[in-house]
Structure formats: structure tokens, C-alpha cells
Amino acid sequence: MKVRRSERLIDMTQYLLDHPHDLIPLTFFAARYGSAKSSISEDLAIVKKTFKERGTGFLETIPGAAGGVVFTPSITDEEAQEYIESLAERLSEEDRLLPGGYVYLSDMLGQPDLLRKVGRIIAAQYLDKNVDAVMTVATKGVPIAQAVSYYLNAPFVIVRRDSKITEGSTVSVNYVSGSSERIEKMELSKRSLKRGSKVLIVDDFMKGGGTVNGMKSLIEEFEAELVGITVFAESKFKGERAIDDYNSLLFVQDVDTSTKTITVVPGNCFDN
Ligand SMILES: O=P(O)(O)OC[C@H]1C[C@H](OP(=O)(O)OP(=O)(O)O)[C@H](O)[C@@H]1O
């Protein structure tokens, strides 16, 4: 049964949003709607134009018999900056200061709408990097890595600070935890990363940078390639930070322990 264009456009859009980075042949849509490929091409031209104008992402057409369309999610800088500014305000308003200059984020990092938006924003920074894997360290980095992983259509791998039988054989590195000046260990299952993989590091928070630096060392141990580092939030650090080339969405600019308040501003992710 033939399906009207208005219905095709709705269903086609939903299908593309649910299958980011997948190559979808035009014949798939032609069969799905009982329509000619020429009609599907016209439909996709409408979707492509709207996605581009709305900043939803990019719809690339791959020509030839093995061709089709590929949807790459993105977000406009304006929408991303506006959202990050709202997060900065929200973080500054609520009582979130923890001992040692850490900030309570767990409630925010459990919110699906925030994770979807943050995942889109971080993924959009690495669309041209062909990311093979998103790396984070348990625990609070995991929801962020999962969200970024969805929008890049790349698996995420979880580094652990504790040994688990269920991880099989692992590669481990020692690192200086910048915040606590302690030598700590982190490890990753040998099955997680192939040699030469392009790896994006994400985490929820960076203080001394020791944790991120540990993940960098692990990537070297796997003979993989680090393509970028983005943290949801970073704070000032009095000591020598172990990391200097990274992106942050939010920056804890000021901490007032007497009033237990913090001032949070957008991070460096839009400095260019
Ligand atoms: O930049 P650094 O000084 O190394 O600190 C950033 C670490 C510490 C904290 O993790 P924890 O709260 O210790 O661990 P978890 O994420 O498991 O709660 C945070 O999630 C980062 O991973």
C-alpha cells in the first residue's frame, strides 16, 4: 500500500534519528513505503534541507548501487552555547560544593534530557575524527560516555579503578591522582580496544587531571590513538595540572567555602 508523502516524511525522519551513522539504502525506504526511488529521493531532499536549517544534523547521500543515505547528528553552536549557559546558571544556584573542591553532579548526570543534549554537544565536536571508541572511567563518567557513544555510533569502554574477574585479562597503569597526590591504579579489559583505535576520552569532572592522564597512558599501552578529551566540568587546580589539551563544557570559576557557593561559567569548548 502506498504511503502519502506527509506520513513518509514523519516515519523516515524518526527512522533516521534512530539510526545515526548507519548507511540506509534508498531501496529500504522505497520498500518500506511502497514508493518509487525518485519519490524517496525527493523526500530525503526535504529532510536534508530541514535537518540542515534546524541544526539537527547532516544527511549525506552516498551514490551508486551500494549507496544510500547516512544521518550524522549535530547541533548548532548557538543551541549548544545557550544550553551550556543554562547549565552553568543552574550549577551556580544550587548547593553543590563538596569537600576538596569537588562539585555534586550525580543528580544532573542521571537526567536523560541533559545526557541527550550533552551527548549531542560533545559528539558534535568530533564528527570529523572517525572515533572508534569513547573511553571513560567508572563511575560518574559512564552516563556521559554512553550518550556520546550513541551520537557517534561508537562503542564506549569503561576503565575501572578496581580489578574485576568479569573483565578478563586487563592492561593496567598507575597514575598520580592530582587531587589526592596519591599513586592510583586503573585498568581496562584487553578485549576493549584494538591497536590503532581512535579513542575519545570523556569524563564528568576534571580537577588535577590525573584521572584523564591515566586514561591517556592506557591508550598508549593499547597502541591506540587519542583523538580528543572532553570533560563535562572542570575546576581550578592550584598545582601543576597533568593535562593541558582538553575541552570542558563548564568551568567552576570560583569556590567560596565560607558561603559554600560556587560560580560556574561555560568552559573552553567554544574558545576558538
Ligand atoms: O582530575 P582528577 O583530580 O583526577 O579528578 C577527577 C576524577 C575524580 C572523580 O571521580 P571519583 O568521584 O573519584 O570516582 P567515580 O567517578 O567513580 O565517582 C571524577 O569523576 C573524575 O573521574
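Residues numbered from 1 in each chain as written. Predicted model: local features only at pLDDT ≥ 70, side-chain atom pairs only at ≥ 80, totals over all residues. Heavy atoms only, no water.

### Topic: the overall build of the protein
Argument step 1. A tally of regular secondary structure across the protein gives seven helices and eleven strands.
Argument step 2. Counting only C-alpha atoms and orienting by the principal axes, one finds that the protein spans roughly 65 × 45 × 30 Å.
Argument step 3. By the burial criterion, 45% of the 272 residues in the protein qualify as buried.
Argument step 4. Contacts in the protein between residues at least 24 apart in sequence constitute 61% of all its contacts with a sequence separation of at least 6.
Argument step 5. For the protein, the accessible area works out to roughly 14,100 Å², and carbon and sulfur atoms hold 49% of it. (Helix = DSSP H or I, 4+ residues; strand = E, 2+ residues; numbered from the N terminus. Buried < 20%, exposed > 50% of the residue type's maximum accessible area, 1.4 Å probe, protein only. Contact = heavy atoms within 4.5 Å. Areas by Shrake-Rupley, 256 points an atom, 1.4 Å probe, with all protein chains shown as cover.)

### Points about the nonpolar core
Argument step 1. The biggest cluster of nonpolar side chains holds 41 residues, and the ones touching the most others in it are Phe232 and Leu250.
Argument step 2. Only α4 (77–93), α5 (112–124), α6 (142–152), β8 (198–206), β9 (225–235), β10 (247–256) and β11 (261–266) provide two or more residues apiece to this core.
Argument step 3. Apart from residues lying up to four places away in sequence, Phe232 is in contact with Leu87, Leu105, Leu109, Leu114, Val118, Ile144, Asp203, Asp204, Leu249 and Leu250.
Argument step 4. In terms of nonpolar packing, the next biggest core, distinct from the first, is built from 24 residues, Met186, Val212, Leu218 and Val231 among them. (Core = buried A, V, L, I, M, F, W, Y, C linked by side-chain atoms within 4.5 Å.)

### Digging into a nonpolar patch on the surface
Argument step 1. A grouping of Leu98, Tyr102 and Tyr104 is seen on the molecular surface, where their side chains present a nonpolar patch of about 250 Å² in accessible area.
Argument step 2. Secondary-structure assignment places Tyr102 in the loop between α4 and α5.
Argument step 3. By relative accessible area, Tyr102 is classed as partly exposed at 32%. (Patch = residues over 30% accessible without salt bridge, like charges linked within 9 Å, V, L, I, M, F, W, Y side chains within 5 Å. Salt bridge = Lys/Arg side-chain N within 4 Å of Asp/Glu carboxyl O.)

### Section: the packing of aromatic side chains
Argument step 1. Counting across every chain of the model gives seven aromatic pairs.
Argument step 2. Pairing Tyr15 with Phe29 gives two aromatic rings, centres 5.9 Å apart and planes at 85°, and the pair type is edge-to-face. Of the two residues, Tyr15 sits in helix α1 (residues 5–18) while Phe29 sits in helix α2 (residues 26–33), which places them 14 residues apart along the sequence.
Argument step 3. The class of Phe29 is buried, set by a relative accessible area of 0%.
Argument step 4. Lying across the ring of Tyr102, Lys207 places its NZ or CZ 5.7 Å from the centre. (Phe/Tyr/Trp six-rings, centres within 6.5 Å; stacked < 30°, edge-to-face > 60°. Lys NZ or Arg CZ within 6 Å of the ring centre and 35° of its normal.)

### What about helix α3 (residues 37–54)?
Argument step 1. With 18 residues, α3 should cover 26 Å at 1.5 Å per step; its first-to-last C-alpha distance of 25 Å lies within 8% of that length.
Argument step 2. Taken together, the buried positions of α3 are Ser39, Ile40, Asp43, Leu44, Val47 and Phe51. Projected down its long axis, α3 carries its buried residues within an arc of 130°, all on one side. Opposite the buried face of α3, at more than 90 degrees from it, the exposed residues are Lys49, Lys52 and Glu53.
Argument step 3. Those residues of α3 hidden inside the fold are in contact with α1, α2, β2 (57–62) and β3 (68–73).
Argument step 4. Just beyond α3, the residue with positive phi is Gly55, at close to 75°. (Expected span 1.5 Å × (residues − 1). Arc of directions from axis to C-beta.)

### Some points on the packing of α2 against α3
Argument step 1. The geometry of α2 relative to α3 is characterised by a closest axis approach of 9 Å and an angle of 105° between their N-to-C directions. As summarised for this structure, α2 and α3 are arranged roughly perpendicular, according to the angle between their axes. In contact with Leu26, Thr27, Phe29, Ala30 and Tyr33 of α2, α3 contributes Lys37, Ile40, Ser41 and Leu44.
Argument step 2. Grouping the amino acids of the contact of α2 with α3 by side-chain chemistry returns six nonpolar, two polar and one charged. (Axes fitted to C-alpha atoms, helices over the stretch in contact; angles between N-to-C directions. Parallel < 35°, antiparallel > 145°, perpendicular 65-115°, else oblique. Nonpolar A, V, L, I, M, F, W, Y, C, P; charged D, E, K, R; others polar.)

### As for the pairing of β3
Argument step 1. In terms of burial, β3 is largely enclosed, as six of its six residues are buried.
Argument step 2. Note that strand β1 (residues 23–24) and β3 share two bridges and pair antiparallel. Bridge pairing links Leu23 to Val70 in β3.
Argument step 3. Across six bridges, the pairing between β2 and β3 is antiparallel. Among the inter-strand pairings, Glu60 is bridged to a residue of β3, identified as Val70. (Pairing = 2+ DSSP bridges.)

### Observations concerning the sheet that holds β10
In any sheet, the strands associate via hydrogen bonds between backbone groups, in a parallel or an antiparallel arrangement.
Argument step 1. Taken together, the six strands give an open sheet; going across it, the order is β5-β4-β8-β9-β10-β11, and neighbouring strands pair in mixed fashion. Each end of this open sheet is capped by a strand with a single partner; those strands are β5 (156–159) and β11. Sheet twist, expressed as the mean angle between neighbouring strand axes with direction ignored, is 25°.
Argument step 2. As judged from the five bridges shared by β9 and β10, these two strands associate in the parallel manner. Opposite Thr230, over in β10, you have Asn247 as the bridge partner.
Argument step 3. Packed on one face of the sheet, α4 meets β9, β10 and β11 and runs near 175° to β11.

### Focus on the UniProt feature "domain: Bacterial purine repressor N-terminal" (unreviewed entry) in the protein
Argument step 1. Summarizing the sequence annotation, UniProt attributes the feature "domain: Bacterial purine repressor N-terminal" (unreviewed entry) to residues 4–73 in the numbering used throughout.
Argument step 2. Helix makes up 57% of residues 4–73 and strand 20%, with an end-to-end C-alpha separation of 26 Å. (UniProt positions renumbered as here; feature names shortened; annotations may be inferred.)

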